Amino acid sequence: MEKIYKRPEAMQKRPTGYCPGCLHGVANKIICGLIDEFGIVDNTVAVQPIGCGALMCWTTDTDQIISLHGRAPATATGIKRSAPEKFVLVYQGDGDLASIGLAEIMHCANRGENLTVVFVNNSIFGMTGGQMAPTTLMGQKATTAKDGRTPLQGYPMHMCEIINQLTAPVYIERCALDSPAHVLAAEKAIRKGFKNQLENKGFSFIELLSNCPTNWGMSPVKSLEFMRNETMKEFPLGVFRDRSEEV
Ligand SMILES: Cc1ncc(C[n+]2csc(CCOP(=O)(O)OP(=O)(O)O)c2C)c(N)n1
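To start, this report covers the structure provided alongside it. (Residues numbered from 1 in each chain as written. Predicted model: local features only at pLDDT ≥ 70, side-chain atom pairs only at ≥ 80, totals over all residues.)

### Description of helix 8 (residues 220–234)
Then, number 1: The end-to-end C-alpha separation of helix 8 is 20 Å, in line with the 21 Å expected for 15 residues at 1.5 Å each.
Then, number 2: The axis of helix 8 is deflected most strongly, by about 40°, at M227.
Then, number 3: Turning to helix 8, its buried residues number three or more, namely S223, L224, F226, M227 and T231.
Then, number 4: Tucked into the core, helix 8 has its buried residues touching strand 5 (171–176), strand 6 (204–209) and helix 7 (213–216). (Helix = DSSP H or I, 4+ residues; strand = E, 2+ residues; numbered from the N terminus. Expected span 1.5 Å × (residues − 1). Bend = angle between axes of the 7 residues up to and from the residue. Buried ≥ 20, exposed ≤ 12 C-beta atoms within 10 Å, placed from the backbone. Contact = placed C-beta atoms within 7 Å.)

### Structural notes on the nonpolar core
Then, number 1: Grouped together as the largest cluster of nonpolar side chains are 64 residues, with contacts concentrated most on V118, F205 and L208.
Then, number 2: Looking at which element gives the most residues to this core, the answer is helix 1 (residues 24–38), with 7 residues.
Then, number 3: Filtering out sequence-adjacent residues up to four positions away, V118 remains in contact with A27, I31, L89, V90, Y91, I190, I206 and L208. (Core = buried A, V, L, I, M, F, W, Y, C linked by C-beta atoms within 7 Å.)

### Considerations on the sheet that holds strand 2 (residues 63–66)
Then, number 1: As summarised here, the arrangement of the 7 strands in space is 2-1-3-4-6-5-7, forming an open sheet in which the pairing is mixed. Only two strands of the sheet have a single partner each, and these edge strands are strand 2 and strand 7 (238–242). Direction aside, neighbouring strands of the sheet carry axes that sit 15° apart on average.
Then, number 2: Of the strands in this sheet, strand 1 (44–48), strand 3 (87–93), strand 4 (116–121) and strand 6 touch helix 1, which is tilted by about 160° from strand 4. (Pairing = 2+ DSSP bridges. Axes fitted to C-alpha atoms, helices over the stretch in contact; angles between N-to-C directions.)

### A few points about the packing of helix 1 against helix 6 (residues 180–198)
Then, number 1: Between helix 1 and helix 6, the least distance of the axes is 10 Å, while the angle of their chain directions is 45°. As the angle between them shows, helix 1 and helix 6 are arranged oblique. As for the relative orientation of helix 1 and helix 6, their crossing is right-handed in sense. In this structure, helix 1 contributes V26, I30, I31, L34 and F38 to the contact, and helix 6 contributes V183, A186, E187, I190, R191, F194 and L198.
Then, number 2: Here the residues of the contact of helix 1 with helix 6 are counted per class, giving 10 nonpolar, no polar and 2 charged. (Parallel < 35°, antiparallel > 145°, perpendicular 65-115°, else oblique. Left-handed = near helix turned anticlockwise from the far one by under 90°. Nonpolar A, V, L, I, M, F, W, Y, C, P; charged D, E, K, R; others polar.)

### Some details on the site of the ligand
Then, number 1: The environment of the ligand is made up of 18 residues, and the closest members are G51, G93, G95, D96 and G126.
Then, number 2: At 3 residues, the largest contribution of residues to the shell around the ligand is made by helix 3 (residues 94–100).
Then, number 3: When its residues are assigned to classes, the shell around the ligand shows 8 nonpolar, 8 polar and 2 charged. (Near = placed C-beta within 6 Å.)

Treat this as a map of the structure, not an account of what it does.
Here is the structure:
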């Protein structure tokens, strides 16, 4: 029998801690597979956020640090600048990156730090129980927007598009985790982000559209439909910038 799937070596042998149907686990698995592929398990520092992304500490079998809320890009900058030989991964949720940590990600991107940022956008504050995030869709319900988001709470913020205004970043792409084809495309994008850092090319930003069945109040299957029918309309997939071959 041919073995077509196995647990990546860089993945700890334990349950992930994510809710059923949550796509953080898929993102974690892609990352661990790529750590194996590049053979960098002993040389990686995974800088994690506050939020469900911090549960990655139970996934990656690498050096890791959980940063203060929103501060992962600043923490990672310090690690990378003092130990440039390390592969430093930044993993953040949308509340963490686009709300409390907005300044950190903007300045990190603007400095063109040689880092790989994986941004998991589930359009809600997951870990704390479903409060509205900067990325929450218009009309989407949250515990702090009971009847759905209205212009009173502002409009969804598009982080790839915002970061694409800056000069320094090398690579910016938005992917989704809703289907096998999209997961393969996400893996390809994150692979490029890994390669860019390993070749000292600079700042790579990969957004992954994700779900939160628990706080969206949906079954995992319905949450995937919501992503396709609603989330992807607001946040179009695609490559916003790729200067990987020019630098
Ligand atoms: C300074 C600070 N403020 C608030 C919190 C509470 N807090 C913990 S997780 C979290 C939300 C994280 O949401 P997001 O980044 O969207 O990640 P998700 O859990 O959805 O993956 C918040 C507000 C905190 N831990 N520290």
